[in-house]
Amino acid sequence: LASLAEHIQQLELKLLQTDLAANPALIDELLSGNFEEISSSGEVNSRNDVIHWLLHKDPHIQWTLTDFRIKVLADDWVLAHYSAQKRDNPNATGKQSIRTSIWQHQGNHWKMVFHQAYRKS
């Protein structure tokens, strides 16, 4: 279970930190065809909305994921839960958000099916 949690955490970081504009093939590898997201503002975002954000985000921003844990829902379904924090400036304390993702094993890859963020105040 620990190695699966580590693997899923690396996939989460890959989505956040990779310059996907330079490597767009990774998007289909990481996001399920029926992916959707609920943003920290409560908006439902389609897969295309999220892809647009991924392709235009600042690839230099680093993220820290803490309290990362998973819950196996079925053989090929995993729920990931963690806190995420942007590290724009190593000396600044950025805003944290609580995040939940559902991953499904499809073919040879784990793909994110659903994601939700909640901004901590």
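Keep in mind the model is a prediction, meaning the values are calculated, not measured.

Calculation notes
- Residues numbered from 1 in each chain as written.
- Predicted model: local features only at pLDDT ≥ 70, side-chain atom pairs only at ≥ 80, totals over all residues.
- Heavy atoms only, no water.
- Pairing = 2+ DSSP bridges.
- Helix = DSSP H or I, 4+ residues; strand = E, 2+ residues; numbered from the N terminus.
- Axes fitted to C-alpha atoms, helices over the stretch in contact; angles between N-to-C directions.
- Contact = heavy atoms within 4.5 Å.
- Salt bridge = Lys/Arg side-chain N within 4 Å of Asp/Glu carboxyl O.
- Buried < 20%, exposed > 50% of the residue type's maximum accessible area, 1.4 Å probe, protein only.

A. Representation of the pairing of strand β5 (residues 96–106) within the structure. Here strand β4 (residues 77–86) runs beside β5; their pairing, made up of nine bridges, is antiparallel. When the bridges of β5 are listed, L79 appears paired with I102. Pairing of β5 with strand β6 (residues 109–119), which is carried by 10 bridges, proceeds in the antiparallel orientation. Bridging from a neighbouring strand, I98 pairs with Y118 of β6. Hairpin connection from β5 to β6: two residues lie between these consecutive antiparallel strands, with G107 at a positive phi of about 65°.

B. Structural context of the sheet that holds β5. Here six strands make up an open sheet; going across it, the order is β2-β1-β6-β5-β4-β3 and the pairing mixed. Each edge of the sheet is formed by a strand with only one pairing partner; in this case those strands are β2 (44–46) and β3 (63–74). Going across the sheet, the axis of each strand differs from the next one's by a mean of 20°, ignoring polarity. Against the sheet, helix α1 (residues 2–17) engages β1 (31–38), β3, β4, β5 and β6, with an angle of about 130° to β3. The strands that helix α3 (residues 47–56) touches are β1 and β2; relative to β1, the one it contacts most, it runs at about 85°.

C. A look at the pattern of salt bridges. Tallied over the full model, the rule gives one salt bridge. Linking D28 and R47 is a salt bridge whose minimum nitrogen-to-oxygen distance equals 2.7 Å. Here D28 is found in helix α2 (residues 25–30), whereas its partner R47 is found in helix α3, with 19 residues between them in sequence. In this structure R47 comes out as buried when scored by relative accessible area, which is 16%.

Remember that the coordinates give geometry; whether it matters functionally is a separate question.
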